[in-house]
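# What the coordinates show
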Amino acid sequence: MEYPARSEIRSLCTEQSFERGVKYYEQDRIQKLEVEGGDITAIVRGSRDYDISIDIDDDTIRTVCSCPYDYAGDCKHIVAVLLAVEDRSSESTAETADSSDSSETVDVEALIDRTPDDELRTFLLDIIADNRDIRERFVAFAGEEPGKTVYDYKQEIDRLFEDAAGRGGMIEYDTRIGFSQYHDLAEMHRGRGNIGTATDIYRALAEAIRENMNRIDDSSGHYGRELSRAIEEYAETITEQGYGHPEKRPHIEYLFGEFIDADYGFASEDYAEALRTICTTRADLEYWLELLDAHVSGVDLEPEALKASVGSSTETTQDDVQEDISSSEPTDGSNAQSEDETDTTGENGRTDNVLYTSDFATGPLSTDEFTGGTLDVEHLAVGPLEIGYFVGDAFDELRVDAPTTVERHTAGIESPESSASKSDLASKFQKRRVLSTYVYVLEELGEEDVLDTLYEEIYLEDKRFCKAYAERLIEQDDEERALEVVEHGIDTFRSTTDLRWLAVDLYRNREPDKYKALLKQLFLDHSEWDAYDELKEACTGREWASIYGEFERKLDQRDRQRLISMYVHEMDLEKAFFELKEAENLPWIRRYQDPVATVDPIEYFEMYREQLIPFAAGDTGRRHYREIADHLESMQELVSDAQFEEFVEFLKEEHSNRPAFLDELEKAGF
């Protein structure tokens, strides 16, 4: 791939931009540079960090910078990146040439053959004395144990982090420490049969990276990948030895302890995957299950527990959940009363300054309920979210007056003594990971009855368990119980699209009214267009007219874009056109141009024009100007060439003092 030479880079910009770009390059302001053929991306530090994207295709160079540069040619940030690419390309070519010349003129093997043994020995001893890494590689090559512990290796790796740390001890974005020497060393020990040393090195790598993660900006994912690699290599080292269960037992215990202790979800999953790799026999899996049992509380896996639990649950339906709540025993919790002080105040005796847990259908709020399960992360800054963060000082006190339905079908995770103070272990996400692992082990062991019991105990811990349990019950032809589980899940969780679809399937041939009500909810609450179409097909003409009117009223109040989408879906284009004019939203005008513009292309063009003019004047920068050009490309097909060109000339005249704007229009063919 040929990249622009310095003279060509100079022709892409003004003299001032080129000089400033040279300074930026010489000042090492390029924080990140990735080159894959003609696709170049970079981050350049200016008054803030700017994102650069360059596409080189034959003789064409397209550049994008997030800076607000608004003049002729490319900005200094792009110049700096192109200079870096040109310099890197020149160095690579020179190195290739040097390597080629060296290999052609020096025969290293012949030199070794001609050198006396005692001189070679002296030369090797001198190198080993001067270079610790080479010494350790030689010890590994010779098959000797180095006499170092996990702690020794971790100290060495920690020093790498200290050396790489910037201001405030932080590892800045795209500062990538290389750990290849440790992987090479471990691989050499593996090859020589020193398995203990190899696993010590992988263990030290994983632990040191984890312990330093809180001071790393790992947006690039480099350290996460290195952590995964170290854990994976640890597991593969054990597996390739063909160990029996007694030999694997301490490794299972170690990996399980790290799985429980891991502060980050991705690290916990890496350790779980390592456990899945090495636990290949029934004895391995049973020991893993034994370790899990010690960390899960509130779960009774005796077969009788399933019958008792289901028996009590079947008496509770969606209609009598509130009655069930009011008669249950209280649970422990912060800011709550003890059992003998449980509040029994009736509804009429409540005061406005006290918040009761039974005011919620499903118990305390969690992070997952606010993210909808989209983000699988812990709240690292402050720990689990508390109700006070959301109600502020609106209430003076939180009282636990009764347990919720959730508490019958959830479990607790016990912390090991070494990490009992870590609140993350009791977090929703940690529990989900541990319980997911519990499910996996039982599936691998083929313990179907016990698995049913576990699901019955934990299905309200997370909507994934609820869905999996309901599907399992459906497979077992127990649709009645599946429906109860799904209904409890819908009552419990905030994001319930999958559960509602399951309920739709279960109610379809049972209760038409509930079936249609669920489809309405799926469309109104979750924007499920398949539910919209299925509902329309299931209704009579009269029913659908009434429901359609209801949708219009509700969407007009809370979601105009979806109202427009519904009109387009029904090809009710005149109503869609009217709503677009009322909305005065430029992105929507572009999005719905096809097919709404067919109602009146000229009027649609005028509507588009009225919104594009203030948009064009509202910002600067080449990215903004390219967006204007994209809008013009959409508008071009609406009216005659003469009318369109008149509008383009108007924009050019209005912004004639912006060379970059005119340049981008010219590039786009306007």
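Residues numbered from 1 in each chain as written. Predicted model: local features only at pLDDT ≥ 70, side-chain atom pairs only at ≥ 80, totals over all residues. Heavy atoms only, no water.

## Digging into the overall build of the protein
Note the cut-off: What counts as a helix is a DSSP run of H or I of at least four residues, what counts as a strand is a run of E of at least two, and both are numbered from the N terminus. Think of it in three bands: with a 1.4 Å probe and only protein chains considered, a residue is buried below 20% of the maximum accessible area for its type, exposed above 50%, and partly exposed in between. For the area figures, the Shrake-Rupley method with a 1.4 Å probe applies, and any residue is considered shielded solely by the protein chains shown.
Looking only at helices and strands, one finds 33 helices and eight strands in the protein. Counting all 670 residues of the protein, 44% fall into the buried class. Summed over all atoms, the accessible surface of the protein reaches about 35200 Å², with 45% contributed by carbon and sulfur.

## Considerations on the sheet that holds strand E4 (residues 60-65)
Formally: Strand pairing follows a simple DSSP-based rule, namely that at least 2 bridges must link the two strands. The axes used here are C-alpha line fits, helices contributing only the stretch in contact, and every angle between their N-to-C directions lies in the interval 0 to 180 degrees.
With antiparallel pairing, four strands are arranged side by side in an open sheet as E1-E2-E3-E4. Because the sheet does not close on itself, it has two edges, and the strands there are strand E1 (30-36) and E4. Across this sheet, the average inter-strand angle for adjacent strands is 10°, counted without regard to direction. Where E1 and strand E2 (residues 39-45) come together, six bridges link them in antiparallel fashion. Among the inter-strand pairings, Val35 is bridged to a residue of E2, identified as Ile40.

## Details of the confidence of the model for the protein
Convention followed: For every residue, the predictor assigns a confidence score, pLDDT, that lies between 0 and 100. In what follows, a contact means two residues having at least one pair of non-hydrogen atoms within 4.5 Å.
With 78% of its residues at a pLDDT of 70 or more, the protein shows a mean pLDDT of 80. Contacts from residues 305-350, a stretch scored under 50 in pLDDT, to residues over four places away or in other chains number 63 contacts. Low confidence marks residues 358-365, where pLDDT is under 50. Its contacts with residues over four positions away, or in another chain, come to 23 contacts.

## Notes on the packing of helix H7 (residues 150-164) against helix H9 (residues 195-212)
Condition: Oblique is the label for any angle not under 35 degrees, not over 145, and not in the 65 to 115 range, which are roughly parallel, roughly antiparallel and roughly perpendicular in turn. Here a crossing is called left-handed whenever its near helix is offset anticlockwise from the far helix by less than a right angle, and right-handed whenever the offset is clockwise.
For the pair H7 and H9, interaxial distance at closest approach is 8 Å and the crossing angle is 40°. Comparing their axes, H9 and H7 come out oblique. When the axes of H7 and H9 are compared, the crossing they make is right-handed. For the pair formed by H7 and H9, the contact residues are Val150, Tyr153, Lys154, Ile157, Asp158 and Phe161 on the first element and Thr197, Asp200, Ile201, Arg203, Ala204, Leu205, Glu207, Ala208, Ile209, Glu211 and Asn212 on the second.

## So, the nonpolar core
Stated formally: Residues belong to a common nonpolar core when they are buried Ala, Val, Leu, Ile, Met, Phe, Trp, Tyr or Cys residues joined through side-chain atoms within 4.5 Å.
Counting 132 residues, the largest nonpolar core has Tyr604 and Leu632 as its most contacted members. Ranked by residues supplied to this core, first place goes to helix H18 (residues 428-445) with eight residues. With sequence-adjacent residues up to four places away left out, Tyr604 is seen in contact with Phe577, Leu580, Trp588, Ile589, Tyr592, Gln593, Val596, Ala597 and Leu638. Counting 27 residues, the second largest nonpolar core, distinct from the first, contains Tyr50, Cys65, Tyr69 and Ile78.

## Regarding the pattern of salt bridges
Defined as follows: For this analysis, a salt bridge means a side-chain nitrogen from Lys or Arg found within 4 Å of a carboxyl oxygen belonging to Asp or Glu.
Going through the model one piece at a time under the given rule, you end up with 45 salt bridges. For Glu156, the salt bridge goes to Lys148, with nearest N and O atoms at 2.2 Å. Exposure class is identical for Glu156 and Lys148. Each is buried. Between Arg510 and Glu480 there is a salt bridge whose closest N-O contact spans 3.4 Å. Taken as a pair, Arg510 in the loop between helix H22 (497-507) and helix H23 (512-526) and Glu480 in helix H21 (residues 479-492) lie far apart in primary sequence, 30 residues in all. According to the relative accessible area criterion, Arg510 is partly exposed, its value standing at 32%. In the salt-bridge network here, residues are joined through shared partners; they are Arg622, Arg626, Asp663, Glu664 and Lys667.

## Here we look at helix H33 (residues 659-667)
Applied cut-off: Arc definition: it is the arc formed by the directions from the helix axis to the C-beta atoms.
Within H33, the full set of buried residues consists of Ala660, Phe661, Glu664 and Leu665. Viewed along the axis of H33, the buried residues span an arc of 140°, placing them on a single side of the element. Buried-residue contacts for H33 involve helix H31 (622-635) and helix H32 (641-654). Looking at the residues trailing H33, positive phi occurs at Gly669, about 95°.

## Considering the pairing of strand E3 (residues 49-57)
Side chains of E3 alternate between two faces, with Tyr50, Ile52, Ile54 and Ile56 buried and Asp49, Asp51, Ser53, Asp55 and Asp57 left unburied. Inspection of the sheet shows E2 paired to E3 by seven bridges, in the antiparallel sense. Following the sheet pairing, Arg45 is matched in E3 by Asp49. Connecting the antiparallel pair E3 and E4 is a turn made up of two residues, with Asp58 showing a positive phi of about 55°.

## A look at the environment of Leu454
Along the chain, Leu454 turns up in helix H19 (residues 448-458). The buried category is assigned to Leu454, whose relative accessible area is 0%. Once the C-alpha coordinates of Leu454 and Phe465 are considered, the two residues, eleven residues apart in sequence, prove to be 10.0 Å apart.

## Thoughts on the packing of aromatic side chains
For clarity, the cut-off: Aromatic rings from Phe, Tyr and Trp, taking only the six-membered ring of Trp, are treated as a pair when their centres fall within 6.5 Å; an angle between ring planes under 30 degrees marks them as stacked, one over 60 as edge-to-face, and anything in between as tilted.
Going through the model one piece at a time under the given rule, you end up with 22 aromatic pairs. Pairing Tyr532 with Trp544 gives two aromatic rings, centres 5.1 Å apart and planes at 85°, and the pair type is edge-to-face. Separated by twelve residues along the polypeptide, Tyr532 in helix H24 (residues 529-538) and Trp544 in helix H25 (residues 541-558) bring together distant segments of the chain. Trp544 carries the same exposure label as Tyr532, and that label is buried. Measuring from ring centre to ring centre gives 5.2 Å for Tyr625 and Phe661, while their planes differ by 75°; the resulting arrangement is edge-to-face. Residue Tyr625 is found in helix H31, and its partner Phe661 is found in helix H33; the two are separated by 36 residues along the sequence.

## Structural notes on the packing of H25 against helix H26 (residues 560-569)
Where we set the bar: Residues were grouped as follows: Ala, Val, Leu, Ile, Met, Phe, Trp, Tyr, Cys and Pro as nonpolar; Asp, Glu, Lys and Arg as charged; and all remaining residues, including Gly, as polar.
As a packed pair, H25 and H26 sit with axes 7 Å apart at the nearest point and diverge in direction by 145°. Taking contact as the criterion, the partners of Tyr548, Phe551, Glu552, Leu555, Asp556 and Arg558 in H25 are, on H26, Arg560, Arg562, Leu563, Met566 and Tyr567. Grouping the constituent residues of the contact of H25 with H26 by class yields six nonpolar, no polar and five charged.

## A look at the environment of Ala517
Residue position: Ala517 is located in helix H23. Once the C-alpha coordinates of Ala517 and Leu535 are considered, the two residues, 18 residues apart in sequence, prove to be 9.0 Å apart.

## Focus on helix H2 (residues 15-26)
So the rule is basically this: The span expected for a helix works out to 1.5 Å for each residue beyond the first.
When the terminal C-alpha atoms of H2 are compared, their 17 Å separation across twelve residues agrees well with the 16 Å that a helix rising 1.5 Å per residue should span. Within the sequence span of H2, burial applies to Ser17, Phe18, Gly21, Val22 and Tyr24. Projected onto a plane normal to the axis of H2, the buried residues spread over an arc of 160° and lie on a single side. H2 presents Lys23 and Glu26 as exposed residues on the side facing more than 90 degrees away from its buried surface. At the C-terminal side of H2, Asp28 shows a positive phi close to 55°.

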